[in-house]
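A look at the structure
So you can see what is in the structure, the chains are spelled out below.
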Amino acid sequence: MEANEELQRLDLVVGRVTAAEAHAGARGQSARLTLDLGPRGAAESTLPVALETAEELVGRQVVCAVGSDAVAVLTVHSHAAGVVVVRPAQEVEDGSPVA
């Protein structure tokens, strides 16, 4: 199977962070994000970042992997920069598929 076909099998969409709050009960730094996935509605996801970092994402778009029972915000784990959230290079409609 070609790489592009494999990518299409993943359900990746662009969502907008509408709220961020501390993830109570988490073992380490963690924030709970509320996401607007356009026609798919709202969803929640957690990120292993400080609340202050998560609050900077409110109003911004992020790339999400949508599963049958969960949504994950995609991140890159960098030795130099820590956790970096994957975002589109320009504004698109919330819920747009990543291809």
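Read on for a plain summary of the structure. For clarity, every value in this text was computed on a predicted model and none was experimentally measured. (Residues numbered from 1 in each chain as written. Predicted model: local features only at pLDDT ≥ 70, side-chain atom pairs only at ≥ 80, totals over all residues. Heavy atoms only, no water.)

1. Re the overall build of the protein chain
- Secondary structure summary: the protein chain contains two helices and seven strands in total.
- Computed over its C-alpha atoms, the radius of gyration of the protein chain comes to 14 Å, within 12% of the 13 Å expected for a compact globule of 99 residues.
- Principal-axis analysis of the C-alpha atoms places the extent of the protein chain at approximately 40 × 30 × 30 Å.
- Residues classed as buried in the protein chain amount to 30% of the 99 residues present.
- Summarising the internal contacts of the protein chain: among those between residues at least 6 apart in sequence, 55% fall at separations of at least 24.
- For the protein chain, the accessible area works out to roughly 6,300 Å², and carbon and sulfur atoms hold 50% of it.
- The centroid of the 7 positive side-chain charges in the protein chain is displaced by 3 Å from the centroid of its 14 negative side-chain charges. (Helix = DSSP H or I, 4+ residues; strand = E, 2+ residues; numbered from the N terminus. Rg over C-alpha atoms; globule rule 2.2 N^0.38 Å. Buried < 20%, exposed > 50% of the residue type's maximum accessible area, 1.4 Å probe, protein only. Contact = heavy atoms within 4.5 Å. Areas by Shrake-Rupley, 256 points an atom, 1.4 Å probe, with all protein chains shown as cover. Lys, Arg positive; Asp, Glu negative; His and termini not counted. Charge placed at Lys NZ, Arg CZ, Asp CG, Glu CD.)

2. Focus on the nonpolar core
- One finds Leu33, Leu35, Leu37, Cys64 and Val73 to be the most contacted residues of the largest nonpolar core, which totals 18 residues.
- Elements represented by at least two residues in this core include exactly strand S1 (12-22), strand S2 (31-36), strand S3 (42-47), strand S4 (61-66) and strand S5 (71-73).
- Those residues in contact with Leu35 that lie beyond four places of it in its chain are Arg16, Val17, Thr18, Gly41, Ala42, Ala43, Ser45, Val62, Cys64, Val71 and Val73. (Core = buried A, V, L, I, M, F, W, Y, C linked by side-chain atoms within 4.5 Å.)

3. With respect to the sheet that holds S2
- Here we have five strands laid out as an open sheet, ordered S3-S2-S1-S4-S5, and antiparallel in their pairing. Every interior strand has two partners, whereas the edge strands, S3 and S5, have only one. Taken pair by pair, the neighbouring strands of this sheet meet at an average axis angle of 45°, ignoring direction.
- Of the pairings in the sheet, the one linking S2 to S3 comprises six bridges and is antiparallel in character. If you follow Asp36 over to S3, its bridge partner there is Ala42. (Pairing = 2+ DSSP bridges. Axes fitted to C-alpha atoms, helices over the stretch in contact; angles between N-to-C directions.)

4. Section: the environment of Val98
- Positionally, Val98 belongs in the segment after strand S7 (82-85).
- Along the sequence, Val98 and Val14 sit 84 residues apart, while their C-alpha atoms lie 7.0 Å from each other.

5. Focus: the side chain of Ser30
- With respect to the element layout, Ser30 can be found in the loop between S1 and S2.
- When near neighbours in sequence (up to four residues on either side) are disregarded, Ser30 contacts Ala22, His23, Thr46, Leu47, Pro48 and Val49.

6. Digging into the pattern of salt bridges
- In the structure shown here, the tally under the stated rule is five salt bridges.
- Here Arg16 and Glu91 are joined by a salt bridge, their closest N and O atoms 2.7 Å apart. Of this pair, Arg16 sits in strand S1 while Glu91 sits in the segment after S7, placing them 75 residues apart in sequence.
- The partner of Arg16 in a salt bridge is Asp94, and the shortest N-O contact between them spans 3.2 Å. On the criterion of sequence distance, the pair formed by Arg16 in strand S1 and Asp94 in the segment after S7 is long-range, its members being 78 residues apart.
- When its relative accessible area of 18% is taken as the criterion, Asp94 is described as buried. (Salt bridge = Lys/Arg side-chain N within 4 Å of Asp/Glu carboxyl O.)

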